[in-house]
Amino acid sequence: MNTTTGKAWRAIKFGPPAESVELQQLTWEAPPEGHVLIRVSTAGAGFPDVMMTAGQYPLLGDPPFGLGEEAAGEVVAVSTGSRLSVGDRVTGITAFLQGWGGFAEYAYLREISTIRIPPTMTDEEAGGFPIGFRTAYAALVDRTPIEAGQTLLVLGAAGSTGTAAMQLGKALGAKVIAVAGSQDKLDFCSRHGADHVIGYRDENLTARLTEITDGRGIDLIFDPVGGDTAATALKSIARNGRIALVGVASGNPVPLNPMDMLLRNYSAVGVLATPGDPEAEALVWERLAELAGAGKVTMPVGRVYDFHDVPRMITEQSTPGPGKSVVRVASA
Ligand SMILES: NC(=O)c1ccc[n+]([C@@H]2O[C@H](COP(=O)([O-])OP(=O)(O)OC[C@H]3O[C@@H](n4cnc5c(N)ncnc54)[C@H](OP(=O)(O)O)[C@@H]3O)[C@@H](O)[C@H]2O)c1
């Protein structure tokens, strides 16, 4: 393939997005082994973009680097041995860990973490699908498997990973209790998979969980939030219950007390959605594509931003609305 040129948003230093993020002209070579190159239609946005520009994202070094962990679009070039073809409509995880992000006119996708987009999925839903669902899968299937009939408490439930956990939990047969901070977010959770909703700002979380579970407690807490909300939720964990440690949207991890864990018989499990064995990773994405294709899970879209509004988008991800924020890079 000839080289391709286009524009890409890159972090040039750490700091407020208006100063730290720049639209640059780049050249993309043929995709490296294990990757495809796409012309980007949409790219998912979220709290990790805030962390990356602030210098708080643990898996990246210093700028410059491309922003955008996930993207959807049309394949324009493949590497040797690819199972995908030029022209396929796909969505997947970008090569952001190697400095090449998705808020760009072209993006490299890691092929084992890429699926063909089911015909029922819109470009916006597709661009915001990979990270949330890969993370929810890492927790609810791999690290802290949930069984049908168990209770799943989802913190940050109207956010990106929380929404995916609600949907996947429901598809796996769990009873889903969603926690969020405003009425519009609670209404959103009721529409997208929650059996019960609790407002952590206005309601007594402990009392509501006792009432909903008849005093039995929660089998699994999905925690992308940490801090006080997670600490309060932990008081209602069932015997043999588990908390999946996913993230720190509150700014702090949940405080854990080994003596409390011992005396009340529960465990805390770290969850990082990165690929291990390539075959196992391919199966994860096959299963996610099947669930999405069958309409059992979707990523409800929240705010949609124009490509030129990426710095504003990042600033606004500190106080996201319900659903997944998406950047539209190219018109359909
Ligand atoms: N482990 C992994 O592999 C993995 C993968 C992806 C993301 N993450 C991490 O997971 C975290 C969340 O990411 P995300 O993309 O889901 O973020 P998001 O879309 O911004 O959602 C976070 C949610 O948390 C809620 N929240 C914020 N502060 C809160 C508090 N003090 N108490 C209760 N809820 C609070 C927010 O809304 P309300 O407060 O209004 O309800 C928001 O809906 C981040 O730390 C991210 O880095 C981890």
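This paragraph deals with helix α2 (residues 47–54). Restricting attention to buried positions, one finds in α2 the residues D49, V50, M51, M52 and T53. Along its buried surface, α2 packs onto α1 (17–20), β2 (21–28), β3 (35–44), β4 (65–66) and α11 (310–316). Immediately downstream of α2, the backbone of G55 shows phi near 80 degrees, a positive value.

The subject of this paragraph is the packing of aromatic side chains. Applying the stated criterion to the full structure yields seven aromatic pairs. Taking 6.5 Å as the distance between ring centres and 55 degrees as the angle between the ring planes, the aromatic pair formed by F14 and F65 counts as tilted. In this pair, F14 is assigned in the loop between β1 (4–11) and α1 and F65 in strand β4, connecting sequence segments 51 residues apart. Taken together, a centroid distance of 6.3 Å and an interplanar angle of 70 degrees make the contact between Y57 and F96 edge-to-face. Separated by 39 residues along the polypeptide, Y57 in the loop between α2 and β4 and F96 in the loop between β6 (89–94) and β7 (106–116) bring together distant segments of the chain. Of the two residues examined, Y57 and F96, each falls in the buried class. Through successive ring pairs, a cluster of aromatic residues spans W28, W100, Y106 and Y108.

Further remarks concern the sheet that holds strand β12 (residues 237–245). Across the sheet, six strands lie side by side as β10-β9-β8-β11-β12-β13; this open sheet has parallel pairing. Pairing within the sheet leaves two strands with one partner each, and these edge strands are β10 (196–199) and β13 (267–270). Going across the sheet, the axis of each strand differs from the next one's by a mean of 20 degrees, ignoring polarity. Both strand β11 (residues 218–223) and β12 contribute to a ladder of five bridges, which runs parallel. Paired with F222 across the strands is A244, a residue of β12. Docked against the sheet, helix α5 (residues 160–171) engages β8 (151–154), β9 (175–180) and β11, running at close to 165 degrees with respect to β8. Contacts from helix α7 (residues 205–212) reach β8, β9, β10 and β11, with the element oriented near 165 degrees to β10.

Here we come to the site of the ligand. The environment of the ligand is made up of 26 residues, and the closest members are T161, K185, Y200, T229 and V271. Between the ligand and T229 there is a distance of 2.8 Å, counted from a nitrogen atom to a side-chain nitrogen or oxygen. For the ligand, a nitrogen atom lies 2.7 Å from a polar atom in the backbone of V271. Alone, the ligand offers 910 Å² of accessible surface; in the complex the protein occludes 86% of this. Broken down by secondary-structure element, the contributors of at least two residues to the shell around the ligand are α2, α4 (130–143) and α5. Considering each element in turn, the shell around the ligand owes the most residues, three residues, to α2. In terms of residue class, the shell around the ligand is made up of 15 nonpolar, nine polar and two charged. Summarising the domain contributions, the shell around the ligand has at least three residues from each of domain 1 (4–129 + 299–328) and domain 2 (132–270).

What counts, and where the lines are drawn
- Sequence positions are assigned chain by chain, starting from 1 and proceeding in written order.
- pLDDT decides what is reported in this predicted model: residues at 70 or higher carry local features, side-chain atom pairs at 80 or more are listed and counted, and totals for whole chains, interfaces and linings draw on all residues regardless.
- With hydrogens and water excluded, all non-hydrogen atoms of the structure serve as input to the side-chain values.
- The buried label goes to any residue with under 20% of its type's maximum accessible area, the exposed label to any with over 50%, and the partly exposed label to all in between, with areas taken from a 1.4 Å probe on protein chains only.
- In DSSP terms, a helix is any run of H or I states spanning at least four residues, a strand is any run of E spanning at least two, and both are numbered starting from the N terminus.
- For this analysis, residues touch if any pair of their heavy atoms sits within 4.5 Å.
- Each pair of aromatic rings taken from Phe, Tyr and Trp, with Trp reduced to its six-membered ring, is defined by centres within 6.5 Å and is described as stacked if the planes are under 30 degrees apart, edge-to-face if over 60, and tilted in the remaining cases.
- When DSSP locates at least two bridges between a pair of strands, those strands are taken to pair.
- Lines fitted to C-alpha atoms define the axes, with helix axes restricted to the stretch in contact, and inter-axis angles between N-to-C directions lie between 0 and 180 degrees.
- If even one non-hydrogen atom of a residue comes within 4 Å of a molecule or strand, that residue is called near it.
- Polar contacts, as counted here, are pairs of nitrogen or oxygen atoms within 3.5 Å of one another; within protein the pair requires one atom able to donate a hydrogen and one able to accept it, and residues that are adjacent in sequence qualify only if both atoms are side-chain atoms.
- Surface accessibility follows the Shrake-Rupley procedure with a 1.4 Å probe radius. Residue values consider only the protein chains on display as shielding.
- Under the scheme applied, nonpolar residues are Ala, Val, Leu, Ile, Met, Phe, Trp, Tyr, Cys and Pro; charged residues are Asp, Glu, Lys and Arg; polar residues are all the others, including Gly.
- Each domain span listed reflects an automatic or database assignment of domains.

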